[in-house]
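Examination of the molecular architecture
Given next are the chains, with one letter for each unit.
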Amino acid sequence: NQPLLIATATVTNTGSRKGTEIVELYVHEKLASVSRPIKELKGFARATLNPGETKTVTIPLTADQLAIWNRTMHRVVEPGVYQIMVGPASNQLQTVLLDILQ
């Protein structure tokens, strides 16, 4: 399944010890035909960094990950605006919008 998009995030270890950061990717469809959670975890990436080190992590997002069971019980990716949220925790996210056309 080919990625629909690939989210990237740059992570820097600002501490004095080696550490690991988990970058999480959440999705929310702004106006869905059926109820959906406000934030659905769709992927994550782990980065282990030495002190002062910076890495870029990537998280692919496929159409299948955006698909839902609609009211007629068909699995579809609905056209509309999706919030793509990336960050170290569900309350520390940066958001971009993805507009999926018919």
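Here is a short report on the structure shown in this document. Here the residue index of a chain counts from 1 through its sequence in written order. Per-residue local features of the predicted model are confined to residues with pLDDT of at least 70, and side-chain atom pairs are confined, for both listing and counting, to 80 or more; whole-chain, interface and lining totals are unaffected and use all residues. Hydrogens and water molecules were not included; the side-chain quantities draw on all heavy atoms of the structure.

1. With respect to the pattern of salt bridges
We define a salt bridge as a side-chain nitrogen of Lys or Arg found within 4 Å of a carboxyl oxygen belonging to Asp or Glu. Taken as a whole, this structure holds 4 salt bridges when the rule is applied. In this structure, arginine 75 engages aspartate 64 in a salt bridge whose closest nitrogen and oxygen atoms are separated by 3.8 Å. Residue arginine 75 is located in strand β6 (residues 75-76), and its partner aspartate 64 is located in helix α1 (residues 63-66); the two are separated by 11 residues in the primary sequence. Within the structure, one salt-bridge network assembled from shared partners comprises Glu29, Arg36, Glu40 and Lys42. Counting from the N terminus, the helices are DSSP H or I runs at least four residues long and the strands are E runs at least two residues long.

2. Quick look at the sheet that holds strand β3 (residues 40-49)
Note on pairing: DSSP must find at least two bridges between two strands before they are called paired. Taken together, 4 strands build an open sheet; the order of strands is β3-β2-β7-β8 and the sheet is antiparallel. Taken across any chain shown, the strands that pair with only one partner, and hence form the sheet edges, are β3 and β8 (94-100). Taken over all neighbouring pairs, the strand axes of this sheet differ in orientation by 20° on average, direction set aside. In terms of strand pairing, strand β2 (residues 19-29) meets strand β7 (residues 80-87) through 6 bridges, oriented antiparallel. To obtain each axis, a line is fitted to C-alpha atoms, and for helices this fit is confined to the stretch in contact; angles are then taken between N-to-C directions over 0 to 180 degrees.

3. Notes on the nonpolar core
Among buried residues, those of type Ala, Val, Leu, Ile, Met, Phe, Trp, Tyr and Cys that are joined through side-chain atoms within 4.5 Å constitute a nonpolar core. Relative accessible area decides the class of each residue, using a 1.4 Å probe on protein chains only: under 20% of the type maximum gives buried, over 50% gives exposed, and in between gives partly exposed. Grouped together as the largest cluster of nonpolar side chains are 19 residues, with contacts concentrated most on Leu25 and Ile84. Ranked by residues supplied to this core, first place goes to strand β1 (residues 3-12) with 4 residues. What leucine 25 contacts, discounting residues up to four positions off in sequence, is Ala7, Glu40, Leu41, Lys42, Gly43, Ile59, Leu61, Ile84, Met85 and Val86. The contact criterion used is simple: two residues touch if any of their non-hydrogen atoms lie within 4.5 Å.

4. Comments concerning the pairing of β7
Of the pairings in the sheet, the one linking β7 to β8 comprises 7 bridges and is antiparallel in character. Within the sheet, the bridge partner assigned to glutamine 83 lies in β8 and is leucine 97. Counted along the chain from β7 to the antiparallel partner β8, the turn is 6 residues long.

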